[in-house]
Amino acid sequence: MSQPKCRILCVDDHEDTSEMLSLLLSQEDYHVVCAKNGQEALSHAGKEEFDLYVLDKRLPDGDGLLLCQKLTEITPGVPCMFYSGDAYELHRNQALAAGAAAYVAKPDIESLIENVRKLLAERQCATA
């Protein structure tokens, strides 16, 4: 029996970023679901199991930091990481303080994929 694909929820309001993340992470053999905002992300997280959340810090309906905290409350043990255009050390520290396991500044795709691999390497992946 084959190992189930790890499931990733990507939350970004920019459609081009979501499509790029979906394509790149699918090529790494992950199952990717995209959400455009925090409300949509919480809806997905309440109905489906995920192994990792990849969040933007700035969302149209709120703050990615608060979303990270809410996701951690409703799905403890599922790591959040940020992939955001906010590139200062202050932003990284805020994200880590909110419970994020990693923070990658856009457009560093290699670090994004490296961190996703690292965070999912030891996980027993969820089934659909």
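Criteria and thresholds
- Residues numbered from 1 in each chain as written.
- Predicted model: local features only at pLDDT ≥ 70, side-chain atom pairs only at ≥ 80, totals over all residues.
- Heavy atoms only, no water.
- Helix = DSSP H or I, 4+ residues; strand = E, 2+ residues; numbered from the N terminus.
- Rg over C-alpha atoms; globule rule 2.2 N^0.38 Å.
- Buried < 20%, exposed > 50% of the residue type's maximum accessible area, 1.4 Å probe, protein only.
- Contact = heavy atoms within 4.5 Å.
- Arc of directions from axis to C-beta.
- Polar contact = N/O pair within 3.5 Å; in protein donor to acceptor, adjacent residues only side chain to side chain.
- Pairing = 2+ DSSP bridges.
- Axes fitted to C-alpha atoms, helices over the stretch in contact; angles between N-to-C directions.
- Phe/Tyr/Trp six-rings, centres within 6.5 Å; stacked < 30°, edge-to-face > 60°.
- Lys NZ or Arg CZ within 6 Å of the ring centre and 35° of its normal.
- Core = buried A, V, L, I, M, F, W, Y, C linked by side-chain atoms within 4.5 Å.

For the chain, the count of helices and strands is five helices and seven strands. The N-to-C order of helical and strand elements in the chain reads β-α-β-α-β-β-β-α-β-α-β-α. Since a compact globule built from 128 residues should have a radius of gyration of about 14 Å, the 13 Å found for the chain is in line with a globular shape. Within the chain, the proportion of its 128 residues that are buried is 45%. Taking the contacts inside the chain whose residues are at least 6 apart along the sequence as the reference set, 66% of them involve residues at least 24 apart.

What follows covers helix 2 (residues 38-47). All of the buried residues in helix 2 are Gly38, Ala41, His44 and Ala45. Down the axis, helix 2 shows its buried residues gathered within 125 degrees of arc, on one side only. Within helix 2, the exposed residues directed more than 90 degrees away from the buried face are Gln39, Gly46 and Lys47. Buried-residue contacts for helix 2 involve strand 1 (7-11), strand 2 (31-35), strand 3 (52-55), strand 4 (58-59) and helix 3 (64-74). Where helix 2 begins, the capping side chain belongs to Asn37, and its oxygen is found 3.2 Å from the backbone nitrogen of Gln39.

Across the sheet, which stays open at both edges, the five strands sit in the order 2-1-3-6-7 with parallel pairing between neighbours. Two strands bound the open sheet, and with one partner strand each, they are strand 2 and strand 7 (102-105). Adjacent strand axes in the sheet meet at a mean angle of 20 degrees when their direction is disregarded. Of the strands in this sheet, strand 1, strand 3 and strand 6 (80-84) touch helix 3, which is tilted by about 160 degrees from strand 6.

By the definition in use, this model includes two aromatic pairs. Ring centres of Phe50 and Tyr53 lie 6.1 Å apart, and the angle between their planes is 50 degrees; this geometry places the pair in the tilted category. Tyr53 shares its class with Phe50; the two are buried. Over the ring of Phe50 we find Arg7; its NZ or CZ atom is 5.1 Å from the centre of that ring.

Quick look at the nonpolar core now. Judged by nonpolar contacts, the single largest core of 21 residues is most densely connected at Leu9, Val11, Tyr53, Leu55, Leu67, Leu71 and Phe82. Counting residues per element, this core draws most heavily on helix 3, at four residues. Dropping the residues within four chain positions of it, Phe82 is found in contact with Leu55, Asp56, Lys57, Gly64, Leu65, Cys68, Ala95, Ala100, Ala102, Tyr103 and Val104. Formed by 17 residues, the second largest nonpolar core is a distinct cluster that contains Ile8, Tyr30, Tyr83 and Leu120.

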